[in-house]
Amino acid sequence: MLVLVAPGQGAQTPGFLTPWLDLPGATDRIAGWSDAIGLDLAHYGTKADADEIRDTAVAQPLLVAAGLLSAAALDASPNVVAGHSVGEITAAAFSGVIGDEAALRLVRTRGLAMAEAAAVTETGMAALLGGDPEVTIQHLEKLGLTPANVNGAGQIVAAGTAAQIAALADDKPEGVRRVVPLKVAGAFHTHHMAPAVERLREAAAALEISDPAVTYVSNADGRTVATGAEVISRLVGQVANPVRWDLCMETFKELGVTALIEACPGGTLTGLAKRALPGVQTLALKTPDDLDAARALIAEHAGN
C-alpha cells in the first residue's frame, strides 16, 4: 500500500528545480505552466535566491510545479495521496480531481491572495520541536498564537504576529526543545488568512472537477474524501484553518500504508513519517537520482 505525498511551503531551497529540468520534456512543461500563470518558474526554481522564493506568491506555484514534474517523471500509481498545506493542490492533481494546468492556476491565485493577506499585518510561523502536544497547544493559546500545523512526531507549528512569535522564543512551552522560525511570509492557516478564502473560492468555482481516482486524505481532519467537489471545498477552507498532518498519518496507518514517497522537494514529510510511522518505508524525491529507488519501492508496495 503506497502513499504519494506532496510537501508544503518552506520545503523550497535555492536551485532545487535545476536537475529536474534535464529530464526529457521537463523544460517545455515548465515553460508552458509559466506562460499559463504569468510566472517564470524556471528562473525561480534555478536562479532565484532564498529571499525571492520565500515570497508566498512565488513559493506556492513553484512547489506545486516541482511536485507535478517529479510525479510525472516517476509515473507512479499510488493507492493513496495527500499533501501538506499547499501540497493538497498537488495531491488533488495526483488524484485526477483537477488537471495539472488547473492546479497551477489555482495555486497562483492562492499564493497571491495569501501574500496580500499576509501584507496586512507582520506575521510568521515557527516550529516547536518536542514537548507534549496538549501542553504546547494550551501554552500557544495563552500567548495568542494558533497551532497552525499539528504535524505529529513531536512537531507543532505556531502562527501569529511577529511580536507573538518573538514572545514564544523567550517563553517556550514546557518540554519543547527548540523553536525554529520557518521560511514563510505569513501566519498561514489562521484567521489572518481569512481574506484569501473568498478569492480562492471564486477561482475554484471555475474549475472542471472529477472525483479522485485514488484515495485522497484531507488535511482538515485526516479523513478520506470521496468526491472532487468536497476535495476542492476543503482546499478552499484549509487556507484559514489548521493543518492536521498528525491525523493524516493516523489514517495512513489505518489504511495499511507500507511505503511513502514524497514528491520534490522531498524531505520534510518523510522525516515526520520516519518518526511517526515505524515500519513504513519512506523515500524523498530530492533529485532525479532518486527515481530508480522510488520505482523499485513502487514495484514492491503499490497495489498491495
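In case you missed it, the structure is sitting above this.
Please read these numbers as outputs of a predicted model, since none were measured by experiment.

**Section: the pairing of strand β9 (residues 259-262)**
Going residue by residue along β9, you find Ala-259 and Ile-261 tucked away on one face and Leu-260 and Glu-262 tucked away on the opposite face as well. Looking at chain direction, strand β1 (residues 2-6) and β9 are connected through 4 bridges and run parallel. Residue Val-3 lies in a different strand from β9, and its bridge partner there is Leu-260. Pairing analysis gives 4 bridges linking β9 to strand β10 (residues 281-284), with the strands arranged parallel. Across the sheet, the residue bridging to Ala-259 is Gln-281, located in β10. Tracing the backbone out of β9, into helix α12 (residues 268-276) and back to the parallel element β10 gives a crossover that is right-handed.

**Topic: helix α11 (residues 245-255)**
Among the residues of α11, those classed as buried are Trp-245, Asp-246, Cys-248, Met-249, Thr-251 and Phe-252. Of the residues flanking the end of α11, it is Gly-256, one or two places downstream, whose phi is positive at about 85 degrees.

**Side note on the environment of Gly-111**
Here Gly-111 is to be found in helix α6 (residues 100-120). For the pair Gly-111 and Asp-55, spaced 56 residues apart in the sequence, the C-alpha separation amounts to 8.7 Å. Apart from the residues lying within four places of it in its own chain, the contact partners of Gly-111 are Thr-56, Ala-57 and Gln-60.

**Here we look at the sheet that holds β1**
Overall, mixed pairing links the 6 strands, which are arranged β8-β7-β2-β1-β9-β10 in an open sheet. Of all the strands in the sheet, just β8 (224-225) and β10 have a single pairing partner and so form its edges. By the bridge criterion, 2 bridges tie strand β7 (residues 215-217) to β8 in an arrangement that is antiparallel. Following the sheet pairing, Tyr-216 is matched in β8 by Val-225.

**Comments concerning the packing of α11 against α12**
Interhelical geometry of α11 versus α12 gives an angle of 60 degrees and a closest axis separation of 11 Å. In terms of orientation, α11 and α12 fall into the oblique class. Considering the relative orientation of α11 and α12, their crossing is right-handed. For the pair α11 and α12, contact is made by Trp-245, Met-249 and Lys-253 and by Leu-269, Leu-272, Ala-273 and Ala-276, respectively. Of the residues contributing to the contact of α11 with α12, the split by class is 6 nonpolar, no polar and 1 charged.

**Quick notes on the sheet that holds strand β3 (residues 123-130)**
Across the sheet, 4 strands lie side by side as β4-β5-β3-β6; this open sheet has antiparallel pairing. One side of each edge strand has no neighbouring strand; the edge strands of this open sheet are β4 (146-152) and β6 (176-181). Direction aside, neighbouring strands of the sheet carry axes that sit 25 degrees apart on average. Note: β3 against strand β5 (residues 155-161), 7 bridges, orientation antiparallel. What sits directly across from Leu-129, in β5, is Gln-155.

**Remarks on the nonpolar core**
As a rule of thumb, soluble globular proteins bury nonpolar side chains together. If you look at the biggest cluster of nonpolar residues, it comprises 77 residues, and the most contacted ones within it are Leu-41, Phe-94, Ile-98, Leu-104 and Ile-261. The element that contributes the greatest number of residues to this core is helix α4 (residues 56-74), accounting for 10 residues. With residues up to four places along the chain from it excluded, the contact list for Phe-94 reads Leu-4, Val-5, Ala-6, Gly-67, Leu-68, Ala-71, Val-81 and Ala-263. Counting 19 residues, the second largest nonpolar core, distinct from the first, contains Val-3, Ala-82, Val-217 and Ala-273.

**Observations concerning the pattern of salt bridges**
Counted by the stated rule, this structure contains 9 salt bridges. Note that Arg-234 and Asp-221 form a salt bridge whose closest N and O atoms lie 2.9 Å from each other. Linking Arg-234 in helix α10 (residues 228-238) with Asp-221 in the loop between β7 and β8, this pair joins segments that are 13 residues apart in sequence. Given the relative accessible area of 18%, Arg-234 is considered buried. Its salt-bridge partner being Asp-292, residue Arg-295 comes within 3.1 Å of it at the nearest N-O pair. Residue Arg-295 and its partner Asp-292 are both found in helix α13 (residues 291-301); the two are separated by 3 residues, about one turn of the helix. Under the relative-accessibility criterion, Arg-295 is labelled partly exposed at 36%.

Rules behind the numbers
- Residues numbered from 1 in each chain as written.
- Predicted model: local features only at pLDDT ≥ 70, side-chain atom pairs only at ≥ 80, totals over all residues.
- Heavy atoms only, no water.
- Buried < 20%, exposed > 50% of the residue type's maximum accessible area, 1.4 Å probe, protein only.
- Helix = DSSP H or I, 4+ residues; strand = E, 2+ residues; numbered from the N terminus.
- Pairing = 2+ DSSP bridges.
- Right-handed = clockwise from strand over helix to strand, strands pointing away.
- Contact = heavy atoms within 4.5 Å.
- Axes fitted to C-alpha atoms, helices over the stretch in contact; angles between N-to-C directions.
- Parallel < 35°, antiparallel > 145°, perpendicular 65-115°, else oblique.
- Left-handed = near helix turned anticlockwise from the far one by under 90°.
- Nonpolar A, V, L, I, M, F, W, Y, C, P; charged D, E, K, R; others polar.
- Core = buried A, V, L, I, M, F, W, Y, C linked by side-chain atoms within 4.5 Å.
- Salt bridge = Lys/Arg side-chain N within 4 Å of Asp/Glu carboxyl O.

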